Amino acid sequence: MIAREALHHIVYDWVITPGRIIMRNKKALIGFIITLGYVLMAVIGPEVTPYPESYKYPKYIKPTIFKWPPSLEHPLGTDYFGADIWSKIVWGSRTVLIIAFTAGFITTLIGITVGMTAGFAGGRLDAVLMGVTDILMTIPGLPLLIVLATIIRTSNPIVIGLMLSVNAWTGLARSIRSAVLALKNTEFVEAARALGLPTWHIVFREIMPNLMSFIAVNFIFATIGAIYGSVGLYFLGVLPFTEFNWGIMLNMAYSQAGAHHSIETMHYILAPIAAIVGLQLGLLLFSYAIDEIFNPRIRTEIS
Amino acid sequence: MKWIYKRIILALLTIYFAMTFTFIVIKSMPGNPIQALAQQFVRQYYMNYEEALALAMSVAPFVPKGSLLEQYFSYMMKFLRGDLGVSISVSTGTPVVDILADAIPWTVLVIATALIISFGLGTLIGMAMAYKHGSKLDSILLTVFSILRSVPEYIVAILLLSILGFQLGWFPVRGRYDYEALQLLREGHILPFIANVLWHATLPILAWVITHIGGWALGMRGSTISVLGEDYISYAKARGVPERRIITRYVGRNAILPLFTSFMLSLGFMFGGSIIIEYIFSYQGVGLILYQAIVSRDWFLMLGAFNIIIIAVVIGAFLADLLYGLLDPRVRRGGETL
């Protein structure tokens, strides 16, 4: 009986209320659908789409979806290597998303840990942690990533994701610390202290819920930032080209095929651009919903 | 005044540690400048690797020697005296200081112009949006700016280059200026040269402005809306302070304060981001120099470029703190800084 009730609560808290909030906000709904579409593309896409083999078709076939009658033979055309562009987009989505979500998750995790510790501990530990944060903040991010990429030389999406978090967490850590310092002196935290509740209780039960919406939105921003960084690194050609990635397509279209200066090959560079912009946009719109889902005031209004 | 000394010491420490960290990271890169140079010779002159290596050693006798610790101390000591070493890849033997001094003004020209335009326009539009918030125009702009903000600037740069540069041919597609313009400058025609330079800088500036204006507008919109709800605004209105004065002195000034710190930090971020923008437009600024230095393992040039950016960022943050104190009388110096 209790188990059923708990299950009911979980379903209500994590499915029904967020669902209602998303349905209520048109922008968030669009964002959610786009993001879900990309996730599905990454998860099942490569299983149902043929492997993008090179030299299989003629070069630069025009997108057939814009022809009359439209056809799905090469919906986005073929590229410089005579490979189907749509297959490359689908196969690339998996690595792009793994990199982005790994980096988003690790960045947020480090940001919370450092920010919370600094805010709570205060004193010397706070000074040291914020000093380290400031130092990493001053080193130019993208150039540092390029150097790290040549040191690590990996095409494993998870390792790339970890690499991208190296100094992405600094801004979040600083804001979390400020928020903790502000919350530390609120009445409910002082009351919890006076009651002699353990620190973990204060951190996870009193302070975290107040920061959840902020943290969730920053997770999305970290993900968006990781897409910016990883695609940029692939575009510059500093990561090994062994996996499929939209950044590699951008690089090839730009540097090998000169796709940006001839109308004939324009579709080759527009495909990865559309894929990247669409994903960034979907995540950004989705972040509006996330903000509301974790906002206790809006939650109570809904349920 | 005690606050300022503390802040200066903190800034110097940050620079020192950031430089040290960068030194360690760069020294752990695989390969060295001689190998990179040798490989370049192999590609260029079809030599075999041993010959190329010998040639590389003879033309570039500047490779740092000694243990890592010795190299570190010697680099730091020389850096203090303004000696940043010599380049190995970009015309071998040129002092790094000269290369950077040639490149920095161009990068600053692009990013400072872009930052001023996007900040100025963005805050103005953001304020207007806040006054009209809830209106149709506001919601359209909100969507447009959200979209623009989520697009990486290198994507916009590629699109601008291909459409306005290659397809329509309205703007030059590479470089800082045309050779003919330089000839004109030598003959004493300054204005045509400046026009040519600005014409070349337009697309890179535009790429930054398009992707950054949204962030400033949305930030200013939020900040203005919260200021508009303050009691002192209602009070000023009740006292009959002229509307124009309220908008500029009361609302504008207070709303812009929170954006000020990010303005200074943006400069540093844009210095780093200019690596891709300058690569796309083949624009010989710090970013492109840094990219070439990394690819050819040109240690001194890399360190020099990194360290210049680090120092610029720290000074920017320092100035932001100073000015913030001057602009906002509420800031308590020496107190708890959030």
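Residues numbered from 1 in each chain as written. Chains lettered and ligands numbered in written order. Predicted model: local features only at pLDDT ≥ 70, side-chain atom pairs only at ≥ 80, totals over all residues. Heavy atoms only, no water.

Re the overall build of chain A
Condition: Strands are runs of DSSP state E lasting at least two residues, helices are runs of H or I lasting at least four, and both sets are numbered from the N terminus onward. When a residue's accessible area, from a 1.4 Å probe over protein chains only, is under 20% of the maximum for its type it is buried; when over 50% it is exposed; and in between it is partly exposed. Any two residues whose heavy atoms approach within 4.5 Å at even a single point are treated as in contact. Using the Shrake-Rupley algorithm and a 1.4 Å probe, accessible areas are obtained, with residue cover drawn only from the displayed protein chains.
Helix and strand counts for chain A come out as twelve helices and zero strands. Taken from N to C terminus, the helices and strands of chain A fall in the order α-α-α-α-α-α-α-α-α-α-α-α. Taking all 303 residues of chain A together, the buried fraction comes to 54%. In chain A, once contacts between residues fewer than 6 apart in sequence are set aside, the share between residues at least 24 apart is 70%. Carbon and sulfur atoms make up 67% of the accessible area of chain A, which amounts to about 14,100 Å² in all.

Things to note about the overall build of chain B
Of the regular secondary structure elements, chain B holds 13 helices and zero strands. Listed by position from the N terminus, the elements making up chain B come as α-α-α-α-α-α-α-α-α-α-α-α-α. Structurally, chain B occupies a C-alpha span of about 85 × 55 × 40 Å along its principal axes. A burial count over chain B gives 47% of its 338 residues as buried. For chain B, the share of sequence-separated contacts (at least 6 apart) that also reach a separation of at least 24 residues comes to 73%.

A look at the packing of helix α6 (residues 157-164) of chain A against helix α9 (residues 199-236) of chain A
All names here are of chain A. Quick reminder of the rule: The convention used is that axes are lines fitted to C-alpha atoms, helices contributing only their stretch in contact, and that angles between N-to-C directions extend from 0 to 180 degrees. We call two directions roughly parallel when the angle between them is under 35 degrees, roughly antiparallel when it is over 145, roughly perpendicular when it lies between 65 and 115, and oblique otherwise. Each crossing gets its handedness from the near helix: less than a right angle anticlockwise from the far helix is left-handed, clockwise is right-handed. Note on residue classes: Ala, Val, Leu, Ile, Met, Phe, Trp, Tyr, Cys and Pro are nonpolar, Asp, Glu, Lys and Arg are charged, and everything else, Gly too, is polar.
Two elements in contact, α6 and α9, have axes separated by 10 Å at closest approach and are oriented at 115°. Taken as axis vectors, α6 and α9 run roughly perpendicular relative to one another. For the pair α6 and α9, the sense of crossing is right-handed. Listed contacts from α9 to Ile-160, Met-163 and Leu-164 of α6 are Ala-226, Gly-229, Ser-230, Leu-233 and Tyr-234. Of the residues in the contact of α6 with α9, the class split is six nonpolar, two polar and no charged.

As for the interface of chain B and chain A
The following threshold applies: Two parts placed together each lose some accessible area under a 1.4 Å probe, and the buried area is that loss summed for both. A carboxyl oxygen of Asp or Glu within 4 Å of a side-chain nitrogen of Lys or Arg is what we treat as a salt bridge. Each polar contact in these results corresponds to two N or O atoms within 3.5 Å; when the atoms are within protein, one needs to be able to donate a hydrogen and the other to accept it, and residues that are neighboring in sequence are counted only if both atoms are side-chain atoms.
Facing 46 residues of chain B, the contacting portion of chain A comprises 41 residues. In total, chain B and chain A occlude about 3,900 Å² of area from one another, counting both sides; carbon and sulfur atoms represent 78% of this. On inspection of chain B and its partner chain A, the count reaches zero salt bridges. Run the count over chain B and chain A and you get five residue pairs in polar contact (both at pLDDT 80 or more). Secondary-structure elements contributing two or more residues to the side of chain B that touches chain A are α1 (2-27), α6 (136-150), α7 (153-167), α11 (243-280), α12 (286-295) and α13 (299-327) of chain B. Among the elements that line the side of chain B that touches chain A, the one with the most residues is α7(B), at nine residues.

As for the packing of α7(B) against helix α9 (residues 190-228) of chain B
All names here are of chain B. Packing of α7 against α9 leaves a shortest axis separation of 9 Å and a crossing angle of 135°. Classified by the interaxial angle, the pair formed by α7 and α9 is oblique. When you trace α7 past α9, the crossing you get is right-handed. In contact with Glu-153, Val-156, Ala-157, Leu-160, Leu-161, Leu-164 and Gly-165 of α7, α9 contributes Leu-203, Leu-206, Ala-207, Trp-208, Ile-210, Thr-211 and His-212.

Describing the confidence of the model for chain A
Applied cut-off: The score called pLDDT rates the predictor's confidence residue by residue, from a low of 0 to a high of 100.
Mean pLDDT for chain A: 80, with 83% of residues reaching 70 or above. Highest mean pLDDT in chain A belongs to α6(A) (89); lowest belongs to helix α12 (residues 296-302) of chain A (63).

Details of the domain arrangement of chain B
All names here are of chain B. Worth spelling out the cut-off: An automatic or database domain assignment supplies the start and end points of every domain.
Split into domains, chain B comes out as domain 1 (2-80) and domain 2 (96-337). Its C-alpha centre places domain 1 at a distance of 31 Å from the equivalent point of domain 2. At the interface, 24 residues of domain 1 touch 19 residues of domain 2. Taking both sides of the interface into account, the surface hidden between domain 1 and domain 2 amounts to around 2,100 Å²; carbon and sulfur atoms contribute 79%. Contact with domain 2 buries surface across domain 1, with Trp-3, Ile-26 and Tyr-75 losing the most and accounting together for 28% of the total.

Some remarks on the environment of Gly66(B)
All names here are of chain B. With respect to the helices and strands, the residue Gly-66 is situated in the loop between α3 (49-59) and α4 (68-80). Classification of Gly-66 by relative accessible area gives partly exposed; the value is 45%. Here the alpha-carbon distance between Gly-66 and Phe-23, two residues 43 residues apart in the chain, equals 15 Å.

Structural notes on unusual backbone geometry
Residues and elements named next belong to chain B. For Ser-282, which is not glycine, the phi dihedral falls at a positive 45°. As for its position among the elements, Ser-282 is in the loop between α11 and α12. Phi at Arg-297 takes a positive value of approximately 55°, unusual for a residue other than glycine. As for its position among the elements, Arg-297 is in the loop between α12 and α13.

Considering helix α2 (residues 26-48) of chain A
Along an α-helix, residues three or four positions apart point the same way, because every turn accommodates 3.6 residues. All names here are of chain A. What counts, and what does not: To estimate the expected span of a helix, count its residues, drop one, and scale the result by 1.5 Å. Throughout, bend refers to the angle between the axes fitted to the seven residues that end at a position and the seven residues that start at it.
The end-to-end C-alpha distance of α2, which contains 23 residues, comes to 31 Å, matching closely the 33 Å that a straight helix rising 1.5 Å per residue would cover. The largest bend in α2 comes to about 40°, at Ala-42, with the proline Pro-46 one to four residues further on. Within the sequence span of α2, burial applies to Ala-28, Gly-31, Thr-35, Tyr-38, Met-41, Ala-42, Gly-45 and Pro-46.

Focus: α11(B)
All names here are of chain B. Helix length check: α11, at 38 residues, gives a terminal C-alpha distance of 46 Å against a target of 56 Å (1.5 Å per residue), a shortfall beyond 12%. Maximal helix bending in α11 amounts to about 45°, located at Pro-258. Once α11 finishes, Ser-282 follows within two positions and takes phi at roughly 45°, a positive value.

Examining a positive patch on the surface
The line we're drawing: Patches here: salt-bridge-free residues with over 30% relative accessible area, like charges joined within 9 Å, nonpolar side chains (Val, Leu, Ile, Met, Phe, Trp, Tyr) joined within 5 Å. When charges are counted, neither His nor the chain ends are considered; positive counts come from Lys and Arg and negative counts from Asp and Glu. Here the site of a charge means atom NZ of a Lys, CZ of an Arg, CG of an Asp or CD of a Glu.
A cluster of like positive charges, contributed by Arg239(B), Arg245(B), Arg249(B) and Arg253(B), occupies part of the molecular surface. The biggest single contributor to the positive patch is α11(B), with three residues.

Side note on the packing of aromatic side chains
For clarity, the cut-off: Any pair of Phe, Tyr and Trp rings, taking the six-membered ring for Trp, is counted once the centres come within 6.5 Å. Such a pair is stacked with planes under 30 degrees apart, edge-to-face with planes over 60 apart, and tilted for the rest. Put simply, a charge is over a ring when the Lys NZ or the Arg CZ is close to the ring centre, within 6 Å, and near the line of the ring normal, within 35 degrees.
All told, the structure shown has 16 aromatic pairs over all chains when counted by the stated rule. Relative to Tyr279(B), the ring of Phe235(A) has its centre 5.8 Å away and its plane inclined at 90°; by these criteria the two rings are edge-to-face. Highlighted residues: Phe235(A) in helix α9 and Tyr279(B) in helix α11, drawn from two different chains. In terms of burial, Phe235(A) and Tyr279(B) fall into one category: buried. The ring centre of Trp299(B) lies 3.7 Å from the NZ or CZ of Lys27(B), which sits over that ring.

Quick look at the confidence of the model for chain B
Residue and element names in this part refer to chain B. When pLDDT is averaged across chain B, the result is 81; 93% of the residues are at 70 or more. Helix α5 (residues 96-131) holds the highest mean pLDDT among the elements of chain B, 89, whereas helix α8 (residues 179-186) holds the lowest, 74. In this model residues 333-338 is a low-confidence stretch, pLDDT under 50, and it forms eleven contacts with partners more than four residues away in sequence or in other chains. Interface scoring of the predicted complex returns ipTM 0.82; its pTM is 0.84.

Observations concerning the environment of Gly169(B)
All names here are of chain B. Residue placement: Gly-169 occurs in the loop between α7 and α8. Given a relative accessible area of 47%, Gly-169 falls into the partly exposed group. Considered as a pair, Gly-169 and Thr-20 are 149 residues apart in the sequence and their alpha carbons are 46 Å apart.

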